[in-house]
Amino acid sequence: MMKRLYGIISIDEDKCQGCVNCIMSCRTEAIRIFEGKARIITNRCIYCGKCFRDCPEHAITSRTHGLEDLKQYKYTIVIPSSTIYSQFPGEDAPNRILCALKALGFDDVYEEAVGAEEASIATQEYLKEYRGPYPLISSLCPAIIRLIQIRFPNFVDQINPIELPAEIVAKGIRKQKAKERGVQGKELGIFYLVPCPAKMVAVAKTETKERSYIDGVISISDIYGELLTALREVSETEDLQKASGAGIGWAVKGGEIRELEPRRWLRGDKESIVVDGIKNVINVLDEIENGKLRNVEFVEARACPEGCVGGALTVGDRYVSRGRIRKLMLRNKKESIVNREEVVKLFKEGYYFFKKGLKPKPFASRLDPDPLKAVEKMKLRDEIHASLPGLDCGACGVPNCRALADDVVQGRAEITDCIFKWREGVKDLAREVMQWAEKRPHSLPKRGK
Amino acid sequence: MAERALEWEYEIEGKDFRNAGKVSSKVKEIMKELGFDPDFVRGVAIASYEAEMNVVCHAEKGTLQFAILPEGLKIVVKDRGPGIPDINLAMQEGYSTASLEIREMGFGAGMGLPNMKKNTDELNIVSTVGEGTVVEMLIRSPRFRQGS
């Protein structure tokens, strides 16, 4: 089996038919078809996983850890994304799901939702003192963080500098639980059960601290079958659910802002925005950058439609999943174990903040580092673009005519990759051949004589 | 940058709120592609957006010219419209002649000209009541992005 790897993303080239579905679906134009197979331009990719869903051959997937990796550790803990509660029916399911998860071989389970509750309080505290620049942008979707780094670099400093909920949980485990259980640093393996590749990358290649507190990442879809079996057999002997609806709600769009609106953590004299889907997020950020959307205080932006329940590595239907999470969010009466005073104290010590600032990684925009060359390339690019048919058919392996013009100028493609241009070339050549065929040496008698 | 001037010109339709902002968005894209500093781009984008919106809100139609010149970036917005009777008054923050319906759409807060002034080095306005307005903005010493 021929698999080509791009960081955590893998393309099975035996399955890839070289069709244009993925290049057309990618919102950051990070995919090209080259020699009949999809290739990813990794510094444009935001690891959202949209192409996983849109590939009709299911050729694009991600590499994750599996349950066999638990063996490397003496003591293992799993942090399930709150999305897990949406993958199976039943309002009383959360604790049962957590018990079943533990039964798969983990020594303990700690919910991501508890970290979300801490992150929520930390954000509330941060907003109290925050005086701009506005809007503050949520840091919970790693695909959006990366989108901002590569496409909206001047918004990087406006990303809420509070860590990912799962990292907050893992940090807490390392700080306290490890000691309680008497497990040494390396004997303890913390696994994060994720709904999407973006969270996977955010952990594996963290940019907000030296090293992640998490050791391994497993996707929901990879263990779904085993979990389903375990759910049938498990006996609920333990009370593992510690989170309340407030934290669980983060799995759906609007879940974060919902916790910021009451008690006026947000000032209310400004707008707050919840936006899902990369295309919509790009539009909103564009309008804010242009100054068209103003007076916005907070933006909760999610790469996946409906939020994390729409993640590429989930199994359940995203709309059904959203409904299930909403039920839990609204009806689950469980009291949270999170102690507000404790969190505020830790917040003031700087416990929840990024340890390193995020850096801009502009890619999508600039034509050349040298301004003069950039000008030349722009002129040439616009000329080439104008000469292309404008069908955006993708047959050249590039998502649209403008992107092909870009690639030609950057030396990544040739103008004859366009089948219409190629056909024109062949036609011109044929005409020339005909002209040559008409010519006869003067030494020969004229035709017809 | 000094060797050749680069110029773009776009048309702006009055009262076309659906397409409002597209012209300044194009200016922004060009600047990003040429590698200007992101914060600098944002300032220029805001100035050109305000000028564009003034045409959309008040005038019948107009044009926006954007040029990269040896002395800096120049944006000239010309319109055929009512003109500005008292430019000094118009420069005051919060002063607006925008109609109620335009204000209801969230525009016409009286920050247009002040925002243009804030984000540019030179702002010249020539206006004839009943004929139209020419807004000329110059931004000196454009900043380019550092590093790769």
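The structure presented is a predicted model; accordingly, all values stated were derived computationally and were not measured.

About the criteria used
Think of each chain on its own: its residues are numbered from 1, step by step along the sequence as written. Here the convention is simple: chains get letters from A, ligands get numbers from 1, in the order in which they are written. With the structure being a predicted model, the display of local features is reserved for residues of pLDDT at least 70 and the display and counting of side-chain atom pairs for 80 or more, all residues being used for whole-chain, interface and lining totals. In this text, helices come from DSSP runs of H or I with a minimum length of four residues, and strands from runs of E with a minimum of two, each type numbered from the N-terminal end. As a reference, a globule follows 2.2 Å times the number of residues to the power 0.38, and the radius of gyration itself is taken over C-alpha atoms. Buried means a residue has 20 or more other C-beta atoms within 10 Å of its own C-beta, exposed means 12 or fewer, and partly exposed covers the counts in between; C-beta atoms are placed from the backbone. Residues are treated as contacting if the C-beta atoms built from their backbones sit within 7 Å of each other. Convention adopted: a line fitted to C-alpha atoms gives each axis, helices being fitted over their contacting stretch, and angles between N-to-C directions are expressed from 0 to 180 degrees. Convention used here: angles under 35 degrees read as roughly parallel, angles over 145 as roughly antiparallel, angles from 65 to 115 as roughly perpendicular, and any remaining angle as oblique. Crossing handedness is read from the near helix: turned anticlockwise from the far helix by less than a right angle, it gives a left-handed crossing, and turned clockwise, a right-handed one. In this classification, the charged set is Asp, Glu, Lys and Arg, the nonpolar set is Ala, Val, Leu, Ile, Met, Phe, Trp, Tyr, Cys and Pro, and all remaining amino acids, among them Gly, are polar. Paired strands are those between which DSSP finds at least two bridges.

Peer 1: Kindly report on the overall build of chain B, identifying the contributing residues and their values.
Peer 2: Counting secondary structure elements, chain B contains five helices and five strands. For chain B, the sequential pattern of α-helices and β-strands runs β-α-α-β-β-α-α-α-β-β. Computed over C-alpha atoms, the radius of gyration of chain B comes to 15 Å, within 12% of the 15 Å expected from 2.2 N^0.38 for 148 residues, which places it in the range of a compact globule. Expressed as lengths along the three principal axes of its C-alpha atoms, the size of chain B is roughly 50 × 25 × 25 Å. Buried residues in chain B amount to 35% of all 148 residues. The long-range fraction of contacts in chain B, counting pairs at least 24 apart against all pairs at least 6 apart in sequence, stands at 64%.

Peer 1: I'd like a description of the packing of helix α14 (residues 371-387) of chain A against helix α15 (residues 401-409) of chain A, backed by residues and values.
Peer 2: For any two helices packed against each other, one specifies the inter-axial angle together with the distance between the axes. Residues and elements named next belong to chain A. It is at 9 Å that the axes of α14 and α15 come closest, and there the two elements cross at 135°. The orientation of α14 relative to α15 falls into the category oblique. Handedness of the α14/α15 crossing: right-handed. Side by side, α14 and α15 meet where Lys 377, Leu 380, Arg 381, Ile 384 and His 385 of the first sit next to Cys 401, Arg 402, Ala 405, Asp 406, Val 408 and Val 409 of the second. Each residue belonging to the contact of α14 with α15 can be placed in one class, and the counts come to six nonpolar, one polar and four charged.

Peer 1: Requested: an account of the pairing of strand β3 (residues 72-80) of chain B, with residues and values cited.
Peer 2: All names here are of chain B. Two elements, strand β2 (residues 61-69) and β3, share nine bridges in a ladder whose sense is antiparallel. Residue pairing across strands places Ala 67 opposite Lys 74, the latter belonging to β3. Hairpin connection from β2 to β3: two residues lie between these consecutive antiparallel strands. As paired strands, β3 and strand β5 (residues 132-139) are joined by eight bridges and run antiparallel to one another. Opposite Val 77, over in β5, you have Val 135 as the bridge partner.

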